[in-house]
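# Tertiary structure, described
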Amino acid sequence: MNAARNKVNEQILSKKSLLCVGLDSDPDKIPEIFHSMQKPVLEFNRAVVRATREHAVAYKLNMAFYESRGIEGLLDMQSTLENLPSESLSIADAKRADIGNTSRKYAEAFFDHWGFDALTVAPYMGEDSLEPFFDYDQKLIFVLCLTSNPGSADFEEQQLQSGTSLYQAVLSKVQRWERNGNAGIVVGATKSSQLREIRKAAPGLFFLIPGVGAQGGSLQESAAFGVDENSQAALINVSRGIIYPEGSFDSIESFEDAVSVKAARLHNEMQSIF
Ligand SMILES: O=C(O)c1cc(=O)[nH]c(=O)n1[C@@H]1O[C@H](COP(=O)(O)O)[C@@H](O)[C@H]1O
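Residues numbered from 1 in each chain as written. Predicted model: local features only at pLDDT ≥ 70, side-chain atom pairs only at ≥ 80, totals over all residues.

## A closer look at unusual backbone geometry
Although it is not a glycine, alanine 97 sits at a positive phi angle of roughly 135°. Checked against the element boundaries, alanine 97 lands in the loop between β3 (89–96) and α5 (100–113). The phi torsion at alanine 233 lies on the positive side, around 60°, for a residue other than glycine. Looking at the element boundaries, alanine 233 is found in the loop between α9 (219–226) and β8 (234–238). (Helix = DSSP H or I, 4+ residues; strand = E, 2+ residues; numbered from the N terminus.)

Okay, here's the thing in structure tokens:
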């Protein structure tokens, strides 16, 4: 069986949670209190993890927020990764894929070098561009299927000549490419009506569902329609809606309390599916 999938499914059932916390950590948005520290983003991430680890089963690091800061950002990403609870799933949100030999290097970077458990990839260069990722049969590969943003209408929702939409074609290909349960798809929480239909068409895939919180997707619908028949195999990602609580904070503890309240509320709202 697939190690990454097993690890997160176990956590989902024991914590009764699908919560994935998105560490989209922006120096311009993190509270003032962290700015006097030597490594503000790293300390911010550590505080968010301490405040959420009781509720979260996964953490997603969006590469843009680290790569945009060059070497310093990558060092923060590496230390954050080393500090994540070992029982939680680590996801690199990098949306990669290229010609085969280049994809192989991307796979080595995220899985062998950095040591992530899971990675997001884009499907549009086709099978040979994703094969190097699917070769990692102990990891989880999340292929963009129907994304949360308005631009999903430009290509993903377009009808092909065969009568299916492009995202449905992606879905059926991914089911053929998976090895040892390592395939996942990304479906936006803002697309909850299609989510139900996608889960029916793909009972065995693992779903990553971002778009709750700042993008307005429904947590309850995402949870109810996203999980498989065992109430597993789905993660609901919330980034800004957890890591940037309103208000100003005069101590790290008060910031952690505010983050913890947000995580607990989201955790509580998904209890009906367990
Ligand atoms: O692949 C993703 O994670 C992703 C896919 C998608 O369709 N929509 C989407 O918002 N995301 C990511 O999920 C996170 C959402 O952030 P918030 O809107 O702040 O919760 C960001 O890191 C996005 O890049």
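Having put the structure on the table, let's press on.
## Thoughts on the sheet that holds β8
Pairing between the strands of a sheet is mediated by backbone hydrogen bonds and can be parallel or antiparallel. The strand order around the closed barrel formed by eight strands is β1-β2-β3-β4-β5-β6-β7-β8, and the pairing between neighbours is parallel. On average, adjacent strands in this sheet sit at an angle of 30° to one another, irrespective of strand direction. As paired elements, β3 and strand β4 (residues 118–121) share three bridges and run parallel to each other. Paired with alanine 92 across the two strands is leucine 119, which belongs to β4. Contacting β2 (58–62), β3, β4, β5 (140–146) and β7 (206–210), helix α1 (residues 3–15) runs over the sheet at an angle of about 125° to β3. (Pairing = 2+ DSSP bridges. Axes fitted to C-alpha atoms, helices over the stretch in contact; angles between N-to-C directions. Contact = placed C-beta atoms within 7 Å.)

## Examining the site of the ligand
Inspection of the region around the ligand gives 19 residues, with Thr147, Ser148, Pro210, Ser239 and Arg240 positioned closest. A per-class count over the shell around the ligand returns four nonpolar, twelve polar and three charged. (Near = placed C-beta within 6 Å. Nonpolar A, V, L, I, M, F, W, Y, C, P; charged D, E, K, R; others polar.)

## What about the UniProt feature "domain: Orotidine 5'-phosphate decarboxylase" (unreviewed entry) in the protein chain?
The UniProt entry lists residues 18–255 under the feature "domain: Orotidine 5'-phosphate decarboxylase" (unreviewed entry), expressed in the numbering used here. Within the segment residues 18–255, helix and strand shares are 38% and 18% respectively, and the terminal C-alpha atoms sit 23 Å apart. (UniProt positions renumbered as here; feature names shortened; annotations may be inferred.)

## Some thoughts on the packing of α5 against helix α6 (residues 127–134)
Remark: α5 packs on α6, axes separated minimally by 8 Å, with the N-to-C direction vectors making an angle of 30°. Considering their axes alone, α5 and α6 lie roughly parallel with respect to each other. By crossing handedness, the relation of α5 to α6 is classed as right-handed. For the pair α5 and α6, contact is made by Gly100, Ser103, Arg104 and Ala107 and by Asp128, Ser129, Glu131, Pro132 and Phe133, respectively. Among the residues making up the contact of α5 with α6, the classes are represented as three nonpolar, three polar and three charged. (Parallel < 35°, antiparallel > 145°, perpendicular 65-115°, else oblique. Left-handed = near helix turned anticlockwise from the far one by under 90°.)

## A closer look at the pairing of β7
Within β7, five of the five residues are buried, leaving the element largely enclosed by the surrounding structure. Neither face of β7 is exposed, since Phe206, Leu208 and Pro210 on one face and Phe207 and Ile209 on the opposite face are all buried. Bridge count for strand β6 (residues 183–187) against β7 is three bridges, and the pairing is parallel. Pairing of glycine 184 across the sheet is with phenylalanine 206, part of β7. (Buried ≥ 20, exposed ≤ 12 C-beta atoms within 10 Å, placed from the backbone.)

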